[in-house]
Structure formats: structure tokens, C-alpha cells
Amino acid sequence: MEHIILYAIVPIVVVMLAGFLSGKAGIFSGDDAKKFNKVVLDYALPAALFVSIVQSTREMLAHDVKLSIVSLVGIMGCFMLVYFVFKMFKGNTGADAAVSALISGSPTIGFLGFAVLEPIFGTTPTVALVVAIVSIVVNAIGIPVGLSLMNASLEKQNPGSTKKQSAWLPVLHALEQPVAWAPILAVIWVLVGIPWPSWASPSFDLIKGANASLAVFSAGITLSAVKISLNWQAVLGSILKMVVMPAVLLILGLLWHMDPINLKMLVVAGALPPAFSGIIIADEYNTYVATGTSSLTLSVILFIGFCPLWIWLTDVCLKAFA
């Protein structure tokens, strides 16, 4: 537990705090954070996912089928739960509920996945597969679903305010992003059986190394650029994200008899703070920004305690069901 705190959580807090203070000091702005995010999502993270996955084997991919199914069912189940829960509250529109789902129903796997999992579980292809699978669920399924729900609500409130488009367009747009197609390409590479030359990895490793540090630093800048307004809905969003999602993934993983290490990594991934992409979308649509950002900030603080707690709980459950 000391290793987890010192090597996984403390570095994140320190780097995020550096980003937060630099934002407050005016050294960097919210616009700078968006540019850093683009470097992470379009270059560093896809490179990290691709080069890590292509070094795996077909046997490893076959072994992770349960991981894929549990990730899809668990994360999207929680995503829709958040949507329907927040839609029931008086004063919330369908667009508000969709933003809530994009934030509290999605882990920030792209920004914190490698930063948290590698110090705990090591730098292995298995870690990359967990990050890749959860990233695909969040980016290629969750975001398109959330945008479709949001656009449907906005169109209902103000007919003609949104352009008519195919329901598949958000999905296709998501799959065009490097963070979605890079891991898919890597999986295809492994399935085809093409050997990955060792001399090619260093070309990816240099940009890959910027992924975790730049993502966490950028997250700190993002938090410094928004106004925090804590309310009961922000607290509820944090509970749904930090308690309900990892609990659902743990239960599903135990029922499906997942590999213990994969299950621990998936539970930790589910306990990650809400997706920063949800805040970006909320800001673009000017919908539910203050509450969503407050929930994100509260979850980041809670993660310091919940990360080791969920690892301990998962170990206890695995021993009980062994």
C-alpha cells in the first residue's frame, strides 16, 4: 500500500498541483491546456497504446475477452445509470443528464490510465490492453452515445438548433480519432501475426513518455481555469463515479471469473476520476459546466483515498471467492 501511495498517487498529486499553480499564476491558461490535451490524445496516448499492444500475443488477446465484455457492460451500464438518475431530477434537461454521464459515467483513462496503472502493475502489454479496451469503450462508444443523447435533447428544446445527422456519424467521428483507431490497428497487427521489430519501438517510446506527465499537468491547468461550485449533484456524481462504477466492475469481474490481475487493473481504472473530455464537451455546449467541473474536482481529491481502498477491497474479495 505504501508503494501505491508513493509511486502512483503522490506523483500525480505533485504534477497536477504544479499544473494547477501554474494556471493560477497565469503561466498557462485553459487554452494552453486544450493544446496539451490534443498532444496527449492525438499523439502521445495513441503511440503508447500502439507500441505496447503490438508487443503482446494472440494468446494474451484471447485471454482478455472477458476483460473486454466486462468493461463494455460495466462502464456503459454505469454510463446509462448516471444519465437516467440525473435526468429524473427537477430542473435537469436531457442535455444536462448526458453531460453528467459523459463526466461521472466515464473514467479519465486516457489522461491517468498509464500514470496510475504502470507504477502499480508494471510496464507490461497487459496494462496497455486494459487502457486500450477501456479507452475504446469510453471514446468510441461512450462519447458518441453521450453526444447523441445531448443533441436529441437540445433539438427537442429548440427545434432546428442542431443539424440533422446520421446516428452513426458520432461513432464514425470517434473512430477517426487516433486514440480509437491506434489500439484497434495494433490488435489487428497482433491477430494477423506480423512480428513487431524491436528496433521500431524507440521511435514510439519518445513521444509515449510524454503521455502521463503531460496529461496530469494539463489536468491541473484545466482545474485552475474553471470556477468550482460544490453542490449535492456534484457530490452525487462523485459517488456514482468513485463508488458505484468500480463496485459494478468488481462484481461483474467476480461473476465472470476474470483473471485476478486484470480485474484489479479494471477496478482501479473504474475508480479513476471522471473523464476530462466530458468537461471539454460541456464547455463547448455551455451545458452543466459548473456542476460537472465541481464533480470532477471532488473526484480527483477522493481518488487519493479510493485508489488504495479499491485495491484492498478487490484483494479481499478475490481471497473470499478463491
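Heads up: the structure comes first, above all this text.
**Some thoughts on the packing of aromatic side chains**
- In this structure the tally under the stated criterion is 10 aromatic pairs.
- Considering the side-chain rings of phenylalanine 28 and phenylalanine 36, the 5.5 Å spacing of their centres and the 70° angle between planes classify their relative orientation as edge-to-face.
- Classification of phenylalanine 28 as partly exposed rests on a relative accessible area of 27%.
- Judged by centre distance (6.0 Å) and plane angle (80°), the ring pair of phenylalanine 86 and phenylalanine 89 falls under edge-to-face.
- Its relative accessible area of 2% is what places phenylalanine 86 among the buried residues.
- Through successive ring pairs, a cluster of aromatic residues spans Phe50, Trp189, Trp196 and Phe204.

**Quick word on the nonpolar core**
- Judged by nonpolar contacts, the single largest core of 92 residues is most densely connected at Val116 and Cys307.
- Broken down by element, the residue count for this core peaks at 14 residues, all from helix 7 (residues 125–157).
- The residues contacting cysteine 307, other than those within four sequence positions of it, are Ile4, Ile9, Val116, Ile120 and Val268.

**A word on the side chain of glutamate 118**
- Tracing the sequence through the fold places glutamate 118 in helix 6 (residues 109–121).
- The side chain of glutamate 118 is buried and forms no salt bridge, while lysine 208, the nearest opposite charge, is found at 4.8 Å.
- Setting aside residues up to four positions removed in sequence, glutamate 118 forms contacts with Gly113, Thr123 and Val127.

**A closer look at unusual backbone geometry**
- A positive phi angle is found at histidine 257, which is not glycine, with a value near 55°.
- The residue histidine 257 is located in the loop between helix 12 (232–255) and helix 13 (260–270) in this model.
- Overall, histidine 257 belongs to the exposed group, its relative accessible area being 64%.

**Here we look at the pattern of salt bridges**
- Following the criterion strictly, the structure yields two salt bridges and no others.
- In this structure, aspartate 42 engages lysine 38 in a salt bridge whose closest nitrogen and oxygen atoms are separated by 2.9 Å. Pair noted here: aspartate 42 and lysine 38 are both in helix 2 (residues 30–53), with a separation of four residues, about one helical turn.
- With its nearest N and O atoms 3.1 Å apart, the salt bridge here joins lysine 264 to aspartate 315. Taken as a pair, lysine 264 in helix 13 and aspartate 315 in helix 15 (residues 289–320) lie far apart in primary sequence, 51 residues in all.
- Among the residues examined, lysine 264 registers a relative accessible area of 17% and is labelled buried.

**Details of the environment of lysine 66**
- Assignment of secondary structure puts lysine 66 in helix 4 (residues 65–87).
- As a C-alpha pair, lysine 66 and histidine 257 span 191 residues in sequence and 8.4 Å in three-dimensional space.
- With near-sequence residues (within four places) excluded, lysine 66 lies in contact with Trp256, His257 and Met258.
- Within the structure, the side chain of lysine 66 is placed 3.1 Å from the backbone oxygen of tryptophan 256, a separation counted as a polar contact.

**Considerations on the packing of helix 13 against helix 15**
- One can describe the packing of helix 13 onto helix 15 by two numbers: an axis separation of 9 Å at closest approach and a directional angle of 150°. The angle between the axes of helix 13 and helix 15 places the two elements in the roughly antiparallel class. Read as a crossing pair, helix 13 and helix 15 show a hand that is right-handed. Between helix 13, through Pro260, Leu263, Lys264, Val267 and Val268, and helix 15, the contact on the second element is made entirely by Cys307, Trp310, Ile311, Thr314, Asp315 and Leu318.

**Observations regarding the environment of alanine 33**
- Mapping alanine 33 onto the fold places it in helix 2.
- Owing to a relative accessible area of 1%, alanine 33 belongs among the buried residues under this scheme.
- Taking the C-alpha atoms as reference points, alanine 33 and alanine 225, 192 residues apart in sequence, are found 9.2 Å from one another.

**Section: the packing of helix 2 against helix 11 (residues 210–224)**
- Direction vectors running N to C along helix 2 and helix 11 enclose 155°, while the axes themselves pass 9 Å from each other. When the interaxial angle is binned, helix 2 and helix 11 end up roughly antiparallel. The two elements helix 2 and helix 11 meet at a crossing, and its hand is left-handed. Contact with helix 2, carried on its side by Gly30, Ala33, Phe36, Asn37, Val39, Val40, Ala44 and Leu45, involves Ala210, Asn211, Leu214, Ala215, Phe217, Ser218, Ile221 and Thr222 of helix 11 and no other residues of that element.
- In the contact of helix 2 with helix 11, the residues fall into 11 nonpolar, five polar and no charged.

Basis of the calculations
Residues numbered from 1 in each chain as written. Predicted model: local features only at pLDDT ≥ 70, side-chain atom pairs only at ≥ 80, totals over all residues. Heavy atoms only, no water. Phe/Tyr/Trp six-rings, centres within 6.5 Å; stacked < 30°, edge-to-face > 60°. Buried < 20%, exposed > 50% of the residue type's maximum accessible area, 1.4 Å probe, protein only. Core = buried A, V, L, I, M, F, W, Y, C linked by side-chain atoms within 4.5 Å. Helix = DSSP H or I, 4+ residues; strand = E, 2+ residues; numbered from the N terminus. Contact = heavy atoms within 4.5 Å. Lys, Arg positive; Asp, Glu negative; His and termini not counted. Salt bridge = Lys/Arg side-chain N within 4 Å of Asp/Glu carboxyl O. Polar contact = N/O pair within 3.5 Å; in protein donor to acceptor, adjacent residues only side chain to side chain. Axes fitted to C-alpha atoms, helices over the stretch in contact; angles between N-to-C directions. Parallel < 35°, antiparallel > 145°, perpendicular 65-115°, else oblique. Left-handed = near helix turned anticlockwise from the far one by under 90°. Nonpolar A, V, L, I, M, F, W, Y, C, P; charged D, E, K, R; others polar.

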